[in-house]
Amino acid sequence: MSVVRERTAPRPLTRPPRRPQGPSRRAAMSGVWPYLLVAPAVLGMLYLLVYPLGRAVLISFQDFGLRQLILGDARFTGFDNYTTLLCDPRFWTVVRRTFLFMAVNVVLIMGISTLVALMAERLGRVWRTAVLSALVLTWAMPVVAATTVFQWLFHSEFGIVNHALTGLGFSSFDGYPWLAHGPAAFAILVTLVVWQSVPFATITLYSALTTVPSELHEAARIDGASGFRVFRSVTLPIVRPIFMLVLSLEVIWTFKAFVQIWVMTRGGPGDATTILPVYAVQTALSGQRYDLGSAASMVTVLLMSGVLVAYFRQMFRQEGEL
């Protein structure tokens, strides 16, 4: 008796079907991907900006001198550094000078930039290109290089300014030490800061002026409006956001001006050109009181923030009324 065994074919190995990626998973990936792209820049900003600021805030509440810088055994002193700073009469003199320096610079920068931008808008193509190119070249000059040039211009013995004034008959300016007199040094620094800041403000305002429709200007002139009235009633309301942005940036930049003053006068003669950033560095370096220098820097940040907050509140109130 033979047993017939049936041979069955082996079943093919089959894999479970893949689940298609649903729209939710794709949406999740598309939502995470932008954050991954931005993450390096955010981490770099946190390391370069937020960490130094936090470190300065911490030092301002410590007894932090040269010994603590080397050994790292700083102890907390609370608000003692701020109390010492705010009780110093020299500090409040520097605060008043800082606001004066900021106000003079911002008024001159915005006034000159607005006039130059309006002029560039009305020039022909060739002259407009020449003016804008000169502004860009001025803007591109490094701060230290520009400051060195101004030092040479107003040098008491070899400066071009004294040579030109003496040649015009003003013999009293022969060997005149500009940087040894407080008001003269203050005026030179204002001129330098304005000269460096006007190009950016002018180019930005000129770009905003090009967005104003020419039909509005023509209609206003037909109605008999003067040039000033056209600017005040037609042009300025349209470019107001850009104008306010430039004004805010100039307030910040002039409030924290340091390189020009430190390279040219180091805050002298006396304290004639010392503003808050220079005062903070002087305090930190003169007696290795890094805690007082950090406290002065924090007060500078608070004052500048207060000015900007008050300014933006006024701006938003005016926009709400309009």
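Residues numbered from 1 in each chain as written. Predicted model: local features only at pLDDT ≥ 70, side-chain atom pairs only at ≥ 80, totals over all residues. Heavy atoms only, no water.

Asks: I'd love a proper account of the overall build of the chain, names of residues and values included.
Replies: Regarding its fold elements, the chain presents 13 helices and two strands. Evaluated residue by residue, the chain yields a buried proportion of 34% over its 322 residues. Summarising the internal contacts of the chain: among those between residues at least 6 apart in sequence, 66% fall at separations of at least 24. When the accessible surface of the chain is split by element, carbon and sulfur atoms take 67% of a total near 20600 Å². (Helix = DSSP H or I, 4+ residues; strand = E, 2+ residues; numbered from the N terminus. Buried < 20%, exposed > 50% of the residue type's maximum accessible area, 1.4 Å probe, protein only. Contact = heavy atoms within 4.5 Å. Areas by Shrake-Rupley, 256 points an atom, 1.4 Å probe, with all protein chains shown as cover.)

Asks: Please give an account of the packing of helix 8 (residues 182–209) against helix 10 (residues 227–255) that cites residues and values.
Replies: Contact geometry for helix 8 and helix 10: axes closest at 10 Å, N-to-C directions at 155 degrees. In terms of orientation, helix 8 and helix 10 fall into the roughly antiparallel class. Crossing angle aside, the handedness with which helix 8 passes helix 10 is right-handed. Packed against helix 8, whose contacting residues are Val193, Ser197, Phe200, Ala201, Thr204, Leu205, Ala208 and Leu209, the element helix 10 presents Thr235, Val239, Ile242, Phe243, Val246, Leu249, Glu250, Trp253 and Thr254 at the interface. Taken together, the residues of the contact of helix 8 with helix 10 sort by class into twelve nonpolar, four polar and one charged. (Axes fitted to C-alpha atoms, helices over the stretch in contact; angles between N-to-C directions. Parallel < 35°, antiparallel > 145°, perpendicular 65-115°, else oblique. Left-handed = near helix turned anticlockwise from the far one by under 90°. Nonpolar A, V, L, I, M, F, W, Y, C, P; charged D, E, K, R; others polar.)

Asks: Residue-level account of the nonpolar core, with values.
Replies: Among the nonpolar cores identified, the biggest contains 57 residues, and Leu85, Phe91, Phe101 and Met110 are the most heavily contacted of them. At the level of elements, helix 3 (80–86), helix 4 (89–122), helix 6 (143–153), helix 8, helix 10, helix 11 (259–264), helix 12 (276–286) and helix 13 (290–321) are the ones that each hand at least two residues to this core. Looking at which element gives the most residues to this core, the answer is helix 8, with 14 residues. The contact partners of phenylalanine 91, leaving out residues within four places of it in the chain, are Leu85, Leu86, Leu276, Tyr279 and Val299. (Core = buried A, V, L, I, M, F, W, Y, C linked by side-chain atoms within 4.5 Å.)

Asks: How would you explain the packing of aromatic side chains if you had to name every residue and give the values?
Replies: For the coordinates displayed, the defined rule picks out 19 aromatic pairs. Relative to tryptophan 178, the ring of phenylalanine 154 lies with its centre 5.5 Å away and its plane at 75 degrees, an arrangement referred to as edge-to-face. Of the two residues, phenylalanine 154 is situated in the loop between helix 6 and helix 7 (160–167) and tryptophan 178 in the loop between helix 7 and helix 8; the sequence distance between them amounts to 24 residues. For phenylalanine 154, a relative accessible area of 16% corresponds to the buried category. Judged by relative accessible area, which is 15%, tryptophan 178 ranks as buried. Ring centres of tyrosine 176 and tryptophan 178 lie 5.0 Å apart, and the angle between their planes is 80 degrees; on these two criteria the pair is classed as edge-to-face. (Phe/Tyr/Trp six-rings, centres within 6.5 Å; stacked < 30°, edge-to-face > 60°.)

Asks: Which residues make up the pattern of salt bridges, and what are the values?
Replies: Going through the model one piece at a time under the given rule, you end up with four salt bridges. Residue aspartate 271 pairs with arginine 90 through a salt bridge whose shortest N-O separation is 2.7 Å. Within this pair, whereas aspartate 271 is found in the loop between helix 11 and helix 12, its partner arginine 90 is found in helix 4, the two being separated by 181 residues in sequence. For aspartate 271, a relative accessible area of 26% corresponds to the partly exposed category. For arginine 90, a relative accessible area of 31% puts it in the partly exposed group. With a shortest N-O distance of 3.1 Å, aspartate 291 and arginine 289 are connected by a salt bridge. (Salt bridge = Lys/Arg side-chain N within 4 Å of Asp/Glu carboxyl O.)

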